[in-house]
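# Survey of secondary and tertiary structure
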Amino acid sequence: MTEEQQPHTQLTTAINTDSAVIVGDPARVDKAAKLLDEVQEWAFNREYKSVIGTYKGKRILIMSTGIGAPSAGIGVEELHNVNVNKVIRVGSAGAMQSGIGLGELIIGEGVVRDDGLTQKYVPGIYPAVPSFKLMALAHKYAPQAVYGIIRSHDGFYMDDNAKNEAFWSSKGIVGADMESGALMTIGRQRGMETLSILNNVVLYEGDLAAGVNDLVNGDDLMAQGETASLKLALDILSDHSLEED
Ligand SMILES: O=P(O)(O)O[C@H]1O[C@H](CO)[C@@H](O)[C@H]1O
Ligand SMILES: O=c1cc[nH]c(=O)[nH]1
């Protein structure tokens, strides 16, 4: 643990909180900040934009980590270095099953680690699983969400994506993103409690690029899903049952 400024995120222990929400897109940090009181901008270096505020009286950091496992992994390590031990990712995802609507929340009960980074941390047979406590709180606040195993991958534009997604869908995977595996694997190695809440922006077998564009352009269902996912993370982290931790 260190009071030194972290080299990428520019966090220090002066953030003075044990809880963080991480998002991919720096613009999502500003959306989250609107849900907080007493907001203080902390830093914006590379892809890591951070603000701190309070939600129902609980001090919480919001930070972006950019796209992909390596930058998320750096973010998680630097959060650990400044004493954050509860981290919820609020991301966007593509549905891997039909029947999951746009803007519905997908919550990872575990992650298929189809990324490169976490394989270097620990062999692929090691499971990427969320915190039981944070998951129990997710069920309390969002019993209607889609719960299941998700898949984190490295390649948004790969030639064999459709084939790989059909395979993982046939194994019951419910959604795809790029960072949840890194969060849960690295977080678990460092003794952190983690969870991943994803806003569905692409229907199963839908157009991936169009879905992500719709999110950027503020399509209603996706904007509502984004706000709901942020609120859910904040409700969980501010729940009084976590106070004794
Ligand atoms: O919206 P975010 O949190 O960035 O999450 C998803 O969106 C990006 C791809 O468009 C990847 O980072 C993926 O995990
Ligand atoms: O299908 C999707 C949508 C968003 N992000 C992903 O990683 N995959």
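Residues numbered from 1 in each chain as written. Chains lettered and ligands numbered in written order. Predicted model: local features only at pLDDT ≥ 70, side-chain atom pairs only at ≥ 80, totals over all residues.

The following threshold applies: UniProt positions are given in the numbering used here, feature names are shortened, and annotations may be inferred rather than shown by experiment.
If you look the protein chain up in an unreviewed UniProt entry, it shows as Uridine phosphorylase from Limosilactobacillus rudii. Listed in UniProt under the heading Sequence similarities (unreviewed entry), the comment for the protein chain reads: "Belongs to the PNP/UDP phosphorylase family." Taken verbatim from the UniProt record of the protein chain, the Catalytic activity (unreviewed entry) comment is "uridine + phosphate = alpha-D-ribose 1-phosphate + uracil".

## Overview of the site of ligand 2
Put simply, the rule is: We call a residue near a molecule or strand when the C-beta position, derived from backbone atoms, sits within 6 Å of it. In this description a helix means any DSSP run of H or I spanning at least four residues, a strand means any run of E spanning at least two, and both kinds are numbered starting from the N terminus. Polarity classes work like this: nonpolar for Ala, Val, Leu, Ile, Met, Phe, Trp, Tyr, Cys and Pro, charged for Asp, Glu, Lys and Arg, and polar for all others, with Gly in that last group.
Neighbouring residues of ligand 2: Ser-92, Ala-93, Gly-94, Ala-176, Asp-177, Met-178, Val-201, Val-202, Leu-208 and Val-212. Ranked by the residues each element gives to the shell around ligand 2, the list is headed by strand E5 (residues 86-95), at three residues. Class assignment for the residues of the shell around ligand 2 results in seven nonpolar, two polar and one charged.

## As for the UniProt feature "domain: Nucleoside phosphorylase" (unreviewed entry) in the protein chain
Within this numbering scheme, the UniProt entry marks residues 20-197 as carrying the feature "domain: Nucleoside phosphorylase" (unreviewed entry). Segment residues 20-197 splits into 31% helix and 36% strand. End C-alpha atoms: 13 Å apart.

## Some words on the environment of Ala-228
This is how it is decided: Residues with at least 20 other C-beta atoms within 10 Å of their own are called buried, those with 12 or fewer are called exposed, and the rest are partly exposed. The C-beta atoms themselves are positioned from the backbone.
Among the secondary structure elements, Ala-228 is positioned in helix H8 (residues 220-237). Overall, Ala-228 belongs to the partly exposed group, with 18 C-beta atoms counted inside 10 Å.

## Quick word on H8
Where we set the bar: Multiplying 1.5 Å by the helix residue count minus one yields the expected span of that helix.
Taking 1.5 Å per residue, 18 residues should reach 26 Å; H8 reaches 26 Å between its end C-alpha atoms and fits that length. Restricting attention to buried positions, one finds in H8 the residues Met-222, Gly-225, Glu-226, Ser-229, Leu-230, Leu-232, Ala-233, Leu-234, Ile-236 and Leu-237.

## Observations regarding helix H6 (residues 180-189)
Of all 10 residues in H6, eight are buried; the element is thus mostly enclosed. For H6, the complete set of buried residues consists of Ser-180, Gly-181, Ala-182, Leu-183, Met-184, Thr-185, Ile-186 and Gly-187. Just downstream of H6, Gly-191 is the residue with a positive phi angle, here 75°.

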